Amino acid sequence: MYDQQNIFAKILRGEIPCDKIYEDQYALAFNDINPQAPVHTLIIPKGEYISMDDFTEGAPDELLIGFFRAVGETARQLGLEKDGYRLIANIGTNAHQDVPHLHFHILSGKKLGPMLSR
Ligand code: AMP
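Quick caveat: nothing in here was measured; it's all calculated off a predicted structure.

Asks: In this structure, what is going on with the overall build of the protein chain? I would like to understand it.
Replies: Tallying secondary structure elements over the protein chain gives three helices and five strands in all. Counting from the amino terminus, the protein chain carries its helices and strands in the arrangement α-β-β-β-α-α-β-β. For 118 residues, the compact-globule estimate of 2.2 N^0.38 gives 13 Å, and the C-alpha radius of gyration of the protein chain, at 14 Å, lies within 12% of that figure. Structurally, the protein chain occupies a C-alpha span of about 35 × 30 × 30 Å along its principal axes. Counted over contacts in the protein chain with a minimum sequence separation of 6, partners at least 24 positions apart contribute 53%. Carbon together with sulfur atoms contributes 51% to the accessible area of the protein chain, which is approximately 7,400 Å² in total. Counting 11 positive and 16 negative side-chain charges, the protein chain places the centres of these two groups 10 Å from one another.

Below, the structure written as structure tokens:
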């Protein structure tokens, strides 16, 4: 069940502010409030999706395509094409997803080290 009171739902509705990087009809990208790297931007689809599995199962093709185009556009707007970046989507309990609205972290601005801490 999607929680309409989650913090990203409130950001999408404009009820709380965000440091916006990019927005179109499919997605909103904004800087993480607690950055873990010099560049730490979040991107969320405009729709009530918690996880990658419910997004890909339930979203219309136009939104799926539009969202992933917006991820690339955000990376370009951040100027990350040359030096690269990492995308992370934490889904569910094992991945410690804190906010139950699907989001990708876009991390860059330094060498990010190993993919997982051990
Ligand atoms: P996750 O653990 O993958 O669910 O990540 C949730 C992320 O949302 C964390 O990196 C938080 O710092 C970030 N976050 C929480 N509240 C806000 C907010 N109001 N604006 C921007 N980022 C937020």
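Asks: Help me understand the site of the ligand in this model?
Replies: If you check the shell around the ligand, you find 16 residues, and the closest are Asp 32, Asn 90, Asp 98, His 103 and His 105. For the ligand, an oxygen atom lies 2.9 Å from a polar atom in the side chain of Asn 90. Of all the elements in the fold, those that place two or more residues in the shell around the ligand are α1 (7-12) and β2 (27-31). The dominant element in the shell around the ligand, judged by the number of residues it contributes, is α1, at three residues. For the shell around the ligand, the residue count by class is seven nonpolar, seven polar and two charged.

Asks: Would you mind showing me how to read the sheet that holds β2 here?
Replies: Strands sit in the order β1-β2-β3-β5-β4 across an open sheet of five strands; the sheet is antiparallel. At either margin of the open sheet sits one strand with a lone partner, and together these are β1 (20-23) and β4 (86-88). With strand direction ignored, the average angle separating the axes of adjacent strands in the sheet is 20 degrees. Inspection of the sheet shows β4 paired to strand β5 (residues 104-108) by three bridges, in the antiparallel sense. Its bridge partner lying in β5, Arg 86 is registered against Leu 107.

Rules and cut-offs
- Residues numbered from 1 in each chain as written.
- Predicted model: local features only at pLDDT ≥ 70, side-chain atom pairs only at ≥ 80, totals over all residues.
- Heavy atoms only, no water.
- Helix = DSSP H or I, 4+ residues; strand = E, 2+ residues; numbered from the N terminus.
- Rg over C-alpha atoms; globule rule 2.2 N^0.38 Å.
- Contact = heavy atoms within 4.5 Å.
- Areas by Shrake-Rupley, 256 points an atom, 1.4 Å probe, with all protein chains shown as cover.
- Lys, Arg positive; Asp, Glu negative; His and termini not counted.
- Charge placed at Lys NZ, Arg CZ, Asp CG, Glu CD.
- Near = heavy atom within 4 Å.
- Polar contact = N/O pair within 3.5 Å; in protein donor to acceptor, adjacent residues only side chain to side chain.
- Nonpolar A, V, L, I, M, F, W, Y, C, P; charged D, E, K, R; others polar.
- Pairing = 2+ DSSP bridges.
- Axes fitted to C-alpha atoms, helices over the stretch in contact; angles between N-to-C directions.

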